[in-house]
Amino acid sequence: MRFDPPQGQQWAMAGRRTNLALLVLLAWALATGALAFAIGAGWNRWITVAHGAGGLGTLLLVPWKSVVVRRGLSRHRPGRSASVALALAVGVTLLSGVGHATGLLRSVAGLTSIQLHVGSALIVVPLAVWHVMARRIRIRRSDASRRALLRTGLLAAGSLATFGLVEGITAAVDLPGHRRRFSGSYLAGSGTPAEMPVTQWLDDRVPAVDPSGWTLSLTTDRGTAALVSLEQLERMSEDVIALLDCTGGWYAEQIWRGVRLDRLLAMSRQMDQSGVRSIRVVSVTGYARRFAVADAPSLWLATRVGGEVLSAGHGFPARIVAPGRRGFWWVKWVERVHVDATPWWWQPPYPLT
Ligand SMILES: Nc1nc2c(c(=O)[nH]1)N[C@H]1C(S)=C(S)[C@@H](COP(=O)(O)O)O[C@H]1N2
Ligand SMILES: [Mo]
């Protein structure tokens, strides 16, 4: 004869599974979201699909989670307000994510929906860590059973279907979100640099660079290898059509004019050495990114866009043009190019300022 556990215990088990599934979905959304910011290539489409499905999947669990929440609230445990804050932050993250994806909500109170999305997600992380510590989920052998696998498969299929539904509606009603790039970004000022947004990664400010006092320093660990004037740069420049795709959620293609980095390095024999592994491009403001030396032939130091000298906001006098990379690689207001033996990946995955 089968033994049926009493109602309460059955619910406790369902609750435990719901919590575990939510935790996995949150971790999944966080990982895919971070990855989507890192990738500029076309296969980023699959990451954004995985990200959207993971996020929307949490909605499928709301009926079960609401039972868990009701039971939890009735027990008056400490940390209740932190749990409510977590729920709110998750809600804001979901709303702003869907708002951006559909185009129904592009900005709130001076913040773009992406800024809101990332900001609230970063609030979710510590709260979720606390929540899991305070309300421990015990992992059981049965979590890896065939039944559990089946449930996981159902949740994954349901999440993808929900994502497909949102995408389908967006397309059918022709919401703005239908005309986004694979990265999820919206078109903004292609071919018209003046209409392209001026964006900083975090807290950088547009500096006023005096062209008469500006020279580009090419440096190695042993010191300055060469100084390059703006006129010299201009003389070595060529046109390159490249698309800037900001993680803030917009993109634009422009005709840039700049010097290819491998040709720039070739100006000094000290720069072009065999032990050199990476190129660190440093802004007047201190903002910097490191590139693999092997990538130098597909990177440019640009002085012009759309035939005109760069505006202050867009990086005057010189900025990196990095086709196929997300916007935060396109260092503006460059004053120094440094080469050394450090591997390119020896840097935070995203800028810290
Ligand atoms: N020095 C510096 N360069 C920077 C940034 C920054 O904050 N500081 N932001 C980057 C980011 S996130 C983007 S999307 C592009 C935006 O370029 P734009 O302002 O010319 O559109 O610049 C990049 N270069
Ligand atoms: Mo950006």
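So, here is what we can say about the structure in this document.

Calculation criteria
- Residues numbered from 1 in each chain as written.
- Chains lettered and ligands numbered in written order.
- Predicted model: local features only at pLDDT ≥ 70, side-chain atom pairs only at ≥ 80, totals over all residues.
- Heavy atoms only, no water.
- Helix = DSSP H or I, 4+ residues; strand = E, 2+ residues; numbered from the N terminus.
- Expected span 1.5 Å × (residues − 1).
- Buried < 20%, exposed > 50% of the residue type's maximum accessible area, 1.4 Å probe, protein only.
- Pairing = 2+ DSSP bridges.
- Near = heavy atom within 4 Å.
- Polar contact = N/O pair within 3.5 Å; in protein donor to acceptor, adjacent residues only side chain to side chain.
- Areas by Shrake-Rupley, 256 points an atom, 1.4 Å probe, with all protein chains shown as cover.
- Nonpolar A, V, L, I, M, F, W, Y, C, P; charged D, E, K, R; others polar.
- Axes fitted to C-alpha atoms, helices over the stretch in contact; angles between N-to-C directions.
- Contact = heavy atoms within 4.5 Å.
- Salt bridge = Lys/Arg side-chain N within 4 Å of Asp/Glu carboxyl O.
- Core = buried A, V, L, I, M, F, W, Y, C linked by side-chain atoms within 4.5 Å.

## Side note on helix H2 (residues 44–60)
Taking 1.5 Å per residue, 17 residues should reach 24 Å; H2 reaches 25 Å between its end C-alpha atoms and fits that length. Counting buried residues in H2 gives 12 out of 17 residues, a clear majority hidden from the surface.

## Looking at the pairing of strand S5 (residues 223–228)
Inspection of the sheet shows strand S4 (residues 216–220) paired to S5 by five bridges, in the antiparallel sense. When the bridges of S5 are listed, Leu216 appears paired with Val228. In this antiparallel pair of consecutive strands, S4 and S5, the connection spans two residues.

## A word on the site of ligand 1
Around ligand 1 sit 22 residues, and of these Pro197, Thr199, Asp204, His314 and Lys332 come closest. Trp201 is positioned such that a nitrogen or oxygen atom in its backbone is 2.9 Å from an oxygen atom of ligand 1. Taken by itself ligand 1 offers 530 Å² of open surface, and the protein chains cover 100% of this. In terms of residue class, the shell around ligand 1 is built from 12 nonpolar, seven polar and three charged.

## Quick word on the environment of Ala53
Topologically, Ala53 is positioned in helix H2. With a relative accessible area of 5%, Ala53 lands in the buried category. Between the alpha carbons of Ala53 and Ala157 there is a distance of 9.2 Å; along the sequence they are 104 residues apart.

## Looking at the sheet that holds S5
Taken together, five strands build an open sheet; the order of strands is S5-S4-S13-S8-S9 and the sheet is mixed. Taken across any chain shown, the strands that pair with only one partner, and hence form the sheet edges, are S5 and strand S9 (288–292). Neighbouring strand axes in the sheet, compared pairwise and without regard to direction, differ in orientation by 20° on average.

## Focus: helix H4 (residues 80–102)
The end-to-end C-alpha distance of H4 is 33 Å, a good match for the 33 Å that 23 residues give at a rise of 1.5 Å each. Turning to H4, its buried residues number three or more, namely Ser83, Leu86, Ala89, Thr93, Ser96, Gly97, Gly99, His100 and Thr102. Buried residues along H4 sit against helix H5 (113–134), helix H6 (146–172) and strand S3 (186–187). A positive phi of about 85° marks Gly103, the residue just after H4.

## Considerations on the pattern of salt bridges
Inspection of the entire model under this criterion finds 11 salt bridges. The partner of Arg326 in a salt bridge is Asp245, and the shortest N-O contact between them spans 3.2 Å. Placement of the pair is Arg326 in the loop between strand S12 (319–321) and strand S13 (334–340) and Asp245 in strand S6 (residues 238–246), with a sequence separation of 81 residues. On the basis of relative accessibility, which here comes to 4%, the residue Arg326 falls in the buried class. Taking relative accessible area as the criterion, Asp245 reaches 3% and is therefore assigned buried. Through salt bridges with shared partners, a single ionic network connects Arg181, Asp245 and Arg326.

## Points about the environment of Ser311
If you trace the backbone, Ser311 turns up in the loop between strand S11 (308–309) and S12. As for Ser311 and Ala194, which are separated by 117 residues in sequence, their C-alpha atoms are 8.5 Å apart.

## Description of the nonpolar core
Core analysis: the biggest nonpolar cluster contains 47 residues, and Leu216, Leu233, Trp256, Leu264, Leu301, Ile320 and Val337 have the highest contact counts within it. Not counting residues up to four positions away in its chain, the partners in contact with Leu264 are Leu216, Leu218, Leu233, Met236, Val259, Leu301 and Val337.

## Thoughts on the side chain of His117
Residue placement: His117 occurs in helix H5. By relative accessible area, His117 is classed as buried at 18%. For His117, the side chain forms a polar contact with the main-chain oxygen of Thr93, separated by 2.7 Å. Setting aside chain neighbours within four positions, we find His117 in contact with His51, Thr93, Ser96 and Gly97.

## Some points on the pairing of S6
In this structure, S6 lies alongside strand S7 (residues 250–260), joined through nine bridges in antiparallel fashion. When the sheet's bridge partners are listed, Glu238 is paired in S7 with Gly258. Hairpin connection, S6 to S7: the antiparallel pair is bridged by three residues, and Gly249 has positive phi, about 110°.

By themselves, these observations are geometric and do not establish any function.
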